[in-house]
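One-letter residues, chain by chain:
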Amino acid sequence: MKRAILTIAIVAMGLTATFAQDTTRRARMNRPKLTAEQRAERSTAVMEKKLALTADQKTKVYAIELDRAKKAEAMWTTEAKDRKAKRDEMKASMQKSKADLENVLTAEQKTKLEAFRAEGREKAGKMREGLRKGKGDKKPVVSNPPSQG
């Protein structure tokens, strides 16, 4: 009888620990993969909303974003060892797309875009800081401290 109760208690504790896991992180990671065209459409739509793009600007921005998304997709489909070699190439490509984008925008739109990017960098920094915060700043817990004397 004691053995049966002990077995049921162990199973119950195991199930409780299993269902107590945080699944929000896993749910975020299972997002559908977007194609280069979908990413370009999404970023163009955001810029159109934030920067009030004209129809001509919208088509030019879409072309720039599509080119950038295709190059990024090509880089991420390569093997990890090749990514390091392509990093400088990708960085130059990003600088070119940024310059092309700035050629399309007006001065007022450029300042709005820079403010939007700065806000994004700030949010990303806070997220990184939050992730780092829980890793190395805690002192180790000593259950049996040595006696003084």
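Everything numeric in this text was worked out from a predicted model, so none of it was measured.

How each quantity is defined
- Residues numbered from 1 in each chain as written.
- Predicted model: local features only at pLDDT ≥ 70, side-chain atom pairs only at ≥ 80, totals over all residues.
- Heavy atoms only, no water.
- Helix = DSSP H or I, 4+ residues; strand = E, 2+ residues; numbered from the N terminus.
- Buried < 20%, exposed > 50% of the residue type's maximum accessible area, 1.4 Å probe, protein only.
- Contact = heavy atoms within 4.5 Å.
- Areas by Shrake-Rupley, 256 points an atom, 1.4 Å probe, with all protein chains shown as cover.
- Expected span 1.5 Å × (residues − 1).
- Bend = angle between axes of the 7 residues up to and from the residue.
- Polar contact = N/O pair within 3.5 Å; in protein donor to acceptor, adjacent residues only side chain to side chain.
- Core = buried A, V, L, I, M, F, W, Y, C linked by side-chain atoms within 4.5 Å.
- Salt bridge = Lys/Arg side-chain N within 4 Å of Asp/Glu carboxyl O.

**A closer look at the overall build of the protein**
Link 1 in the chain: Scanning the protein for helices and strands turns up six helices and zero strands.
Link 2 in the chain: Along the protein, from the amino end to the carboxyl end, the secondary structure elements read α-α-α-α-α-α.
Link 3 in the chain: For the protein, the residues scored as buried account for 16% of the 149 residues in total.
Link 4 in the chain: Pairs at least 24 apart in sequence give 57% of the contacts found in the protein among residues at least 6 apart.
Link 5 in the chain: Carbon and sulfur atoms form 58% of the exposed surface of the protein, whose accessible area is close to 12800 Å².

**Topic: helix H5 (residues 80-104)**
Link 1 in the chain: For H5, built from 25 residues, the straight-helix expectation of 36 Å at 1.5 Å per residue is met to within 8% by its first-to-last C-alpha distance of 34 Å.
Link 2 in the chain: Of all the bends in H5, the greatest measures close to 50° and is centred on Lys86.
Link 3 in the chain: Within the sequence span of H5, burial applies to Met90, Ser93, Ser97, Leu101 and Val104.

**What to know about the side chain of Thr44**
Link 1 in the chain: Structurally, Thr44 is set in helix H3 (residues 36-51).
Link 2 in the chain: Classification of Thr44 as buried rests on a relative accessible area of 2%.
Link 3 in the chain: In terms of polar contacts, Thr44 uses its side chain to reach the backbone carbonyl oxygen of Ala40, at 2.7 Å.
Link 4 in the chain: Residues contacting Thr44, with those up to four places away along its chain left out, are Leu53, Lys58, Val61, Tyr62 and Glu65.

**Structural notes on the nonpolar core**
Link 1 in the chain: Judged by nonpolar contacts, Met47, Leu51, Leu53, Val61, Ile64, Leu101, Val104, Leu105 and Leu113 together constitute the single largest core of nine residues.
Link 2 in the chain: For this core, the secondary structure elements donating two or more residues are H3, helix H4 (55-76) and H5.
Link 3 in the chain: Ignoring anything within four residues of it in the chain, the contact list for Met47 reads Ala52, Leu53, Val61, Glu65 and Leu101.

**Examining the pattern of salt bridges**
Side chains that differ in sign of charge can pair as their charged atoms come close.
Link 1 in the chain: A full pass over the atoms with the stated rule returns ten salt bridges.
Link 2 in the chain: Residue Lys71 pairs with Asp67 through a salt bridge whose shortest N-O separation is 3.5 Å. On the criterion of helical spacing, the pair formed by Lys71 and Asp67 is a turn pair, its members being four residues apart in helix H4.
Link 3 in the chain: By relative accessible area, Lys71 is classed as partly exposed at 34%.
Link 4 in the chain: With a relative accessible area of 37%, Asp67 lands in the partly exposed category.
Link 5 in the chain: For the salt bridge of Glu114 with Arg121, the shortest nitrogen-to-oxygen distance reads 3.0 Å.

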